[in-house]
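Residue-level structure breakdown
So you can see what is in the structure, the chains are spelled out below.
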Amino acid sequence: MSPPSPARTMRLWLWGPRSLGVALGVFMTIGFALQLWGGPFQRRLPGVGLRLQQPWAPSRHPSVHHPSCPPRQRLVFLKTHKSGSSSVLNLLHRYGDRQGLHFALPTRYQFGYPRLFQASWVKNYHPQDGDTQHPFHILCHHMRFNLKEVLQVMPSDSFFFSIVRDPAALAHSAFSYYKSTSSAFRKAPSLAAFLANPRAFYRLGARGDHYARNLLWFDFGLPFPPEMRTKRKNPHPARDPIPPQLHVLPSGAGPQAHILDPNALFHPAPTVADGHSQLSSPASVDSGSSSFIQWGLAWLDSVFDLVLVAEYFDESLVLLADALCWGLDDVVGFIHNAQAGGERGGLGAVREGRRTEEQQQLAARARAWNNLDWALYVHFNRSLWTRIEQYGRSRLQSAVAELRARREALAKHCLVGGEALDPKYITDRRFRPFQFGSAKVLGYILRSGLSSQDQEECERLVTPELQYKDKLDAKQFPPTVLPSLKASRHQTAEAGQRAAKLGEEQLT
């Protein structure tokens, strides 16, 4: 294990409340104290590159790695909601399953969400006084991030990463998925009606309403600025923060999706507060709030090694494989938890020039209402493109093309129809995705006639997150119930999964 990086240690502490002024000190200290007590982190060096295989069939052999770049196997993935995180979770499940790694698993399907993560919620976690050994390799299921408690379970040299999504697209997906869970969404007749006057429906602290505003910021476990903790009198949404030249393209939207100039993406106006250059949020209200937001972003930079961007999913996967010293086969996979009708589209994934005026207004309102999430997204989109420049544009294009060719070949080899299908056609419960919200969640059907080895790997590729968690749970903690009880347990699995999902709306 390499010694802690002085640069990373200093970044974690220098961005404290003192550097932002006495006025911010009180509420920042309260909000971040527990997080900061988690301790310093290390900044890791990038990997030596990818070793790509020819796309033809599922790989059944471990990737070959250079001795100077051993694959990373201590991982913490913050699974954010409605941001493509289920697809990332599947590749982590598959990698850990193949490598025989141990997962830090929740007792059910998530770690007490929406409460802040607690180490005691990890199944079979038994801390010993003075014991510095960590029995787990991967922590990746739904939680609200809490660094201090995470470090009770995972070593500080773990690779920390997450994923963000344009708040405009996220709002579209969250509204349909959490319509019955969020009181604000449930009262609104449509997303357009909600965004036209969100304060007519949203009530701070109401059950499930964390889904309705700044969901990413919430999932990252960050405190909210003081002015957002109390009701505000102004019922009108913030002004349109989106410059007309802004372009947001989803990964896979065509050749432009991975050759865009990052300068064509985001140009938030720089502001200066307390001597630090920073991003201005679309609904910034004063220098104190801007400083608060920038402090939170800097803190996240000190903790997370990489943050993926959903709109550039394939590009993000290539960078992830490189950072982990994994092979490309380790990150190739299918999209999971996608909603029928184009969940990965939404308001944020359409090219600005192709949007109607109404769509542009909705996107602007969504980003303004979710101003903290927009600040997160702008920040990590920029950091992603900085990494792309370091990686090399032409090199990235080649790797992304290889990844997509590999995915297409796997789809043809493994899947009936070569694509995701309506859940009504999926009769095998092992592969039927959990259905929640108003939109149908698509899934996959395996082709017949696969060899036993290909069958095993294809099953890994299509297994939804809840069933895969159950599979890993049974592997790590073999059931001791009598055979006669196993059938009954299987029959009640879907009911238990639904109860676990509905538990997300219980706020404490």
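The protein chain has the name Galactose-3-O-sulfotransferase 4 in an unreviewed UniProt entry, where Orycteropus afer afer is given as its organism. Taken from UniProt, the Subcellular location (unreviewed entry) comment for the protein chain reads in full: "Golgi apparatus, Golgi stack membrane". Its UniProt record gives the protein chain the following Cofactor (unreviewed entry) comment, quoted word for word: "Mn(2+)".

**Observations regarding the overall build of the protein chain**
Tallying secondary structure elements over the protein chain gives 17 helices and six strands in all. Expressed as a percentage of its 508 residues, the buried residues of the protein chain come to 56%. Partitioning the contacts of the protein chain with sequence separation of at least 6, the portion at a separation of at least 24 is 79%. Summed over all atoms, the accessible surface of the protein chain reaches about 21800 Å², with 54% contributed by carbon and sulfur.

**Considerations on the sheet that holds strand β1 (residues 75-78)**
A sheet is described by the order of its strands in space; here four strands give the open sequence β2-β1-β3-β6, paired in parallel fashion. Two strands bound the open sheet, and with one partner strand each, they are β2 (138-139) and β6 (306-309). As defined by bridge partners, β1 adjoins strand β3 (residues 159-164) across four bridges and the pair is classed as parallel. By the bridge assignment for β3, L78 is matched with S162. In this fold helix α3 (residues 85-99) packs onto β1, β2, β3 and β6, with an angle of close to 160° to the strand it touches most, β1. The sheet contacts of helix α10 (residues 313-324) involve β1, β3 and β6, and relative to β6 the element is tilted by about 160°.

**Some remarks on the packing of α10 against helix α12 (residues 371-391)**
Between α10 and α12, the least distance of the axes is 11 Å, while the angle of their chain directions is 65°. You can see that α10 and α12 cross each other, and the crossing is left-handed. Contacts between α10 and α12 pair E315, S316, V318, L319, D322 and A323 from the former with L384, R387, I388 and Y391 from the latter. For the contact of α10 with α12, the per-class residue count stands at six nonpolar, one polar and three charged.

**So, unusual backbone geometry**
Across the junction of Y113 and P114, the peptide omega takes the value 10°, indicating a cis bond. Among the structural elements, P114 can be located in the loop between α3 and β2. Its identity is not glycine, yet K82 carries a phi of approximately 55°, on the positive side. By secondary structure assignment, the location of K82 is in the loop between β1 and α3. Using a relative accessible area of 7% as the deciding quantity, one classes K82 as buried. We note that N124 has phi near 65°; this positive angle belongs to a residue other than glycine.

**Thoughts on the state of the cysteines**
One pass over the full model with this rule turns up two disulfides. The disulfide bridge from C69 ends at C325, spanning 1.5 Å between sulfur atoms. What sets the handedness of the C69 and C325 disulfide is the S-S torsion sign, and at about -60° it is left-handed. With C69 in the loop between α2 (22-36) and β1 and C325 in the loop between α10 and α11 (357-369), the pair connects residues that are 256 residues apart, well separated along the chain. Take C69 and C325: they sit in the same class, and that class is buried. Note that C414 is cross-linked by a disulfide to C458, the S-S spacing being 2.0 Å. A torsion of -65° about the S-S bond marks the disulfide between C414 and C458 as left-handed. You can see C414 sitting in helix α13 (residues 393-414) and its partner C458 sitting in helix α14 (residues 452-462), a full 44 residues away along the chain. By sequence-ordered numbering of the bonded cysteines, the protein chain has its disulfides arranged as 1-2, 3-4.

**Focus: the pairing of β3**
Counting buried residues in β3 gives six out of six residues, a clear majority hidden from the surface. In β3, alternate side chains face the same way, and those of F159, F161 and I163 on one face and F160, S162 and V164 on the other are all buried. Of the strand pairs in this sheet, β3 and β6 are connected by four bridges, and their pairing is parallel. In the sheet register, I163 faces β6, and the bridge partner there is L308.

**Description of the environment of G333**
Here G333 shows up in the loop between α10 and α11. For G333 and L403, which are 70 residues apart along the polypeptide, the C-alpha to C-alpha distance reads 9.1 Å.

**A short note on the side chain of R407**
Topologically, R407 is positioned in helix α13. At 2.8 Å, the side chain of R407 and the side chain of D314 are in polar contact. For R407, the contacting residues outside a window of four places in its chain are D314, L317, V332, G333 and F334.

**What to know about the environment of A368**
In this fold, A368 is placed in helix α11. Separated by 173 residues in sequence, A368 and L195 have C-alpha atoms that sit 9.4 Å apart.

**Here's the deal with empty space enclosed by the protein**
For the coordinates displayed, the defined rule picks out four cavities of 30 Å³ or more. Lining the largest cavity are 18 residues, with N337, P433, F434, P464 and E465 sitting closest to its centre. The leading source of residues in the lining of the largest cavity is helix α15 (residues 465-476), at three residues. Class assignment of the residues belonging to the lining of the largest cavity gives a composition of 11 nonpolar, five polar and two charged.

**Side note on the packing of aromatic side chains**
For the coordinates displayed, the defined rule picks out 22 aromatic pairs. Centre to centre, the rings of F77 and F161 are 4.8 Å apart; their planes meet at 35°, and the pair counts as tilted. Highlighted residues: F77 in strand β1 and F161 in strand β3, separated in sequence by 84 residues. Relative accessible area serves as the criterion here: at 0%, F77 is assigned to the buried category. A residue is classified by how much of its surface remains accessible, and F161, at 0% relative accessible area, is buried. Pairing F220 with F304 gives two aromatic rings, centres 5.4 Å apart and planes at 80°, and the pair type is edge-to-face. Residue F220 is found in the loop between α8 (215-219) and β4 (270-273), and its partner F304 is found in the loop between α9 (287-303) and β6; the two are separated by 84 residues along the sequence. Residue classification places F220 among the buried positions, given a relative accessible area of 0%.

The rules we used
Residues numbered from 1 in each chain as written. Predicted model: local features only at pLDDT ≥ 70, side-chain atom pairs only at ≥ 80, totals over all residues. Heavy atoms only, no water. UniProt positions renumbered as here; feature names shortened; annotations may be inferred. Helix = DSSP H or I, 4+ residues; strand = E, 2+ residues; numbered from the N terminus. Buried < 20%, exposed > 50% of the residue type's maximum accessible area, 1.4 Å probe, protein only. Contact = heavy atoms within 4.5 Å. Areas by Shrake-Rupley, 256 points an atom, 1.4 Å probe, with all protein chains shown as cover. Pairing = 2+ DSSP bridges. Axes fitted to C-alpha atoms, helices over the stretch in contact; angles between N-to-C directions. Left-handed = near helix turned anticlockwise from the far one by under 90°. Nonpolar A, V, L, I, M, F, W, Y, C, P; charged D, E, K, R; others polar. Disulfide = S-S within 2.5 Å. Polar contact = N/O pair within 3.5 Å; in protein donor to acceptor, adjacent residues only side chain to side chain. 1 Å grid on protein atoms, 1.4 Å probe; cavity = no way out; pocket = protein on both sides within 12 Å on 5 of 7 lines; lining within 4 Å. Points joined across faces, edges and corners; volume = space filled by probe spheres on them. Phe/Tyr/Trp six-rings, centres within 6.5 Å; stacked < 30°, edge-to-face > 60°.

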